[in-house]
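These are the residues of each chain, in order.
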Amino acid sequence: MFTSVDDVSARLAETGYLASPAVATTVFLADRLGKPLLVEGPAGVGKTELAKAVAEVAGARLVRLQCYEGVDESRALYEWNHAKQLLRISAGRDETWDETRTDIFSEEFLLTRPLLTAIRGDDPKVLLIDETDKADVEVEGLLLEVLSDFQVTVPELGTITATRRPFVVLTSNASRELSEALRRRCLFLHIDFPDEELERRIVRLKVPGLDEALARSVVRVVGALRAMDLRKAPSVAETIDWARTLLALGADTLDETVVRASLGVLLKHQDDVLKASAKLDLDAL
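Residues numbered from 1 in each chain as written. Predicted model: local features only at pLDDT ≥ 70, side-chain atom pairs only at ≥ 80, totals over all residues. Heavy atoms only, no water.

## Some thoughts on the overall build of the protein chain
Okay, so step 1: Scanning the protein chain from N- to C-terminus turns up 15 helices and nine strands.
Okay, so step 2: Oriented by its inertia axes, the alpha-carbon framework of the protein chain measures out at about 85 × 45 × 35 Å.
Okay, so step 3: Of all 285 residues assigned to the protein chain, the portion counted as buried reaches 45%.
Okay, so step 4: For the protein chain, the accessible area works out to roughly 14100 Å², and carbon and sulfur atoms hold 51% of it.
Okay, so step 5: The averaged location of the 48 negative side-chain charges in the protein chain is 1 Å from the averaged location of its 36 positive side-chain charges. (Helix = DSSP H or I, 4+ residues; strand = E, 2+ residues; numbered from the N terminus. Buried < 20%, exposed > 50% of the residue type's maximum accessible area, 1.4 Å probe, protein only. Areas by Shrake-Rupley, 256 points an atom, 1.4 Å probe, with all protein chains shown as cover. Lys, Arg positive; Asp, Glu negative; His and termini not counted. Charge placed at Lys NZ, Arg CZ, Asp CG, Glu CD.)

## Section: the packing of aromatic side chains
Okay, so step 1: In the structure shown here, the tally under the stated rule is two aromatic pairs.
Okay, so step 2: Relative to Phe105, the ring of Trp80 has its centre 5.1 Å away and its plane inclined at 85°; by these criteria the two rings are edge-to-face. In this pair, Trp80 is assigned in strand S3 (residues 78-80) and Phe105 in the loop between helix H6 (97-104) and strand S4 (110-112), connecting sequence segments 25 residues apart.
Okay, so step 3: Classification of Phe105 as partly exposed rests on a relative accessible area of 23%.
Okay, so step 4: Connected via pairs of aromatic rings, a cluster forms that spans Tyr78, Trp80 and Phe105.
Okay, so step 5: Above the face of the Phe109 ring, Lys84 is positioned so that its terminal group lies 5.4 Å from the ring centre. (Phe/Tyr/Trp six-rings, centres within 6.5 Å; stacked < 30°, edge-to-face > 60°. Lys NZ or Arg CZ within 6 Å of the ring centre and 35° of its normal.)

## Points about the layout of surface pockets
Okay, so step 1: Its volume calculated, the largest pocket comes out at about 720 Å³.
Okay, so step 2: When contributions to the lining of the largest pocket are tallied by element, the ones reaching two or more residues are helix H2 (21-33), helix H3 (47-58), helix H10 (196-206) and helix H12 (236-249).
Okay, so step 3: Sort the elements by how many residues they give to the lining of the largest pocket and H3 lands first, with six residues.
Okay, so step 4: Of the residues contributing to the lining of the largest pocket, the split by class is 16 nonpolar, nine polar and 10 charged. (1 Å grid on protein atoms, 1.4 Å probe; cavity = no way out; pocket = protein on both sides within 12 Å on 5 of 7 lines; lining within 4 Å. Points joined across faces, edges and corners; volume = space filled by probe spheres on them. Nonpolar A, V, L, I, M, F, W, Y, C, P; charged D, E, K, R; others polar.)

## Comments concerning the environment of Asp123
Okay, so step 1: Among the secondary structure elements, Asp123 is positioned in the loop between helix H7 (114-119) and strand S5 (125-130).
Okay, so step 2: Its relative accessible area of 31% is what places Asp123 among the partly exposed residues.
Okay, so step 3: Taking C-alpha positions, Asp123 is 7.5 Å from Arg164, a pair spaced 41 residues apart along the chain.
Okay, so step 4: When neighbours within four sequence positions are excluded, Asp123 is seen to be in contact with Arg61 and Arg164.
Okay, so step 5: A distance of 2.8 Å separates the side chain of Asp123 from the side chain of Lys125, its partner in a polar contact. (Contact = heavy atoms within 4.5 Å. Polar contact = N/O pair within 3.5 Å; in protein donor to acceptor, adjacent residues only side chain to side chain.)

## Description of the domain arrangement of the protein chain
Okay, so step 1: Considered domain by domain, the protein chain is made up of domain 1 (5-82 + 112-190) and domain 2 (196-279).
Okay, so step 2: Placing the centre of domain 1 and that of domain 2 at their C-alpha centroids yields a distance of 31 Å.
Okay, so step 3: Counting residues at the interface gives six residues for domain 1, matched by eight residues for domain 2.
Okay, so step 4: Buried surface at the junction of domain 1 and domain 2, both sides included, amounts to about 550 Å², of which 68% is carbon and sulfur. (Domains from an automatic or database assignment. Buried area = accessible area lost by both parts, 1.4 Å probe.)

## Some thoughts on the nonpolar core
Generally speaking, a soluble globular protein has its nonpolar side chains buried in company with each other.
Okay, so step 1: By size, the foremost hydrophobic cluster in this structure holds 33 residues, and its most contacted members are Leu115, Ile129 and Leu170.
Okay, so step 2: Among the elements of the structure, strand S2 (61-66), S3, H7, S5, helix H8 (137-149), strand S6 (151-154) and strand S8 (167-172) are those that each provide at least two residues to this core.
Okay, so step 3: Top element by residues in this core is H8. It accounts for five residues.
Okay, so step 4: Contact partners of Leu115, with chain neighbours within four places excluded, come to Leu65, Ala76, Leu77, Leu127, Ile129, Leu143 and Val146. (Core = buried A, V, L, I, M, F, W, Y, C linked by side-chain atoms within 4.5 Å.)

## Some points on the sheet that holds strand S1 (residues 37-40)
Okay, so step 1: Reading across the sheet, the five strands line up as S2-S5-S8-S1-S9 and stay open at both edges, with parallel pairing between neighbours. The open sheet has two edge strands with one neighbour each: S2 and strand S9 (187-190). Across the sheet, the mean angle separating the axes of adjacent strands is 20° when strand polarity is ignored.
Okay, so step 2: With four bridges joining them, S1 and S9 adopt parallel strand pairing. Within S9, the position partnered with Glu40 by the bridge is His190.
Okay, so step 3: This element, H2, spans S1, S8 and S9 of the sheet and lies at about 165° to S9.
Okay, so step 4: Here H3 sits on the sheet and contacts S1, S2, S5, S8 and S9; the angle it forms with S5, its principal contact strand, is near 170°. (Pairing = 2+ DSSP bridges. Axes fitted to C-alpha atoms, helices over the stretch in contact; angles between N-to-C directions.)

Put into structure tokens, the structure is as follows:
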């Protein structure tokens, strides 16, 4: 998909995703080496958006597996359409079981889920396995077969192997440690909160009506909040939301009244709001 690291940066920027040199380099290598990309970092730093941006750049279909506690093979790989199978069995009362079985365990009755969908067909795809750390450990076993050989075994149909490998992005907030076997199959990328200059550029890109001086002030205040011991530090997405909020309020500068009235856009816990209200010193920023 990409010819160079600079090509990654330029094309992602066209979608509105400003990539750091480390991000652009790792995406290029994942594409060139055909390796899955494991992206870790705090919530809201652009891990999921990176997969979406790569899909847009490549003109590929985004196939997303949203992980959560309890996700299983039927949600991740495939399941059979049992209701349709029962109707087919009822309609073929005069057939032998061998005849019926051959029919009901065919493609017509197969419900593909994200992992199987991603490796079928010749169209370009980006497979996003989102919040991998929230899935049970057993799910990693499913991922190992897919990410090792890009194939899935369906006992009734045999082994289905990808004719065109998808670009794979796994994201993790590191709420639990992923297995070494899974990590070995991936290139690793850690995305942290951007530095002040990059975040200012992101804010200016996403909120074009915001002037330069106010954008700088917004980023400085958010940086000061992240330096505090909060339950949840403001994400980049929340920085952008706050910039849009200030624009909607018609604020030209950041004063104490505006900041305190709109802290709920940045902070999502009352104790964080109280701590920020007590410690935030706008004059020092």
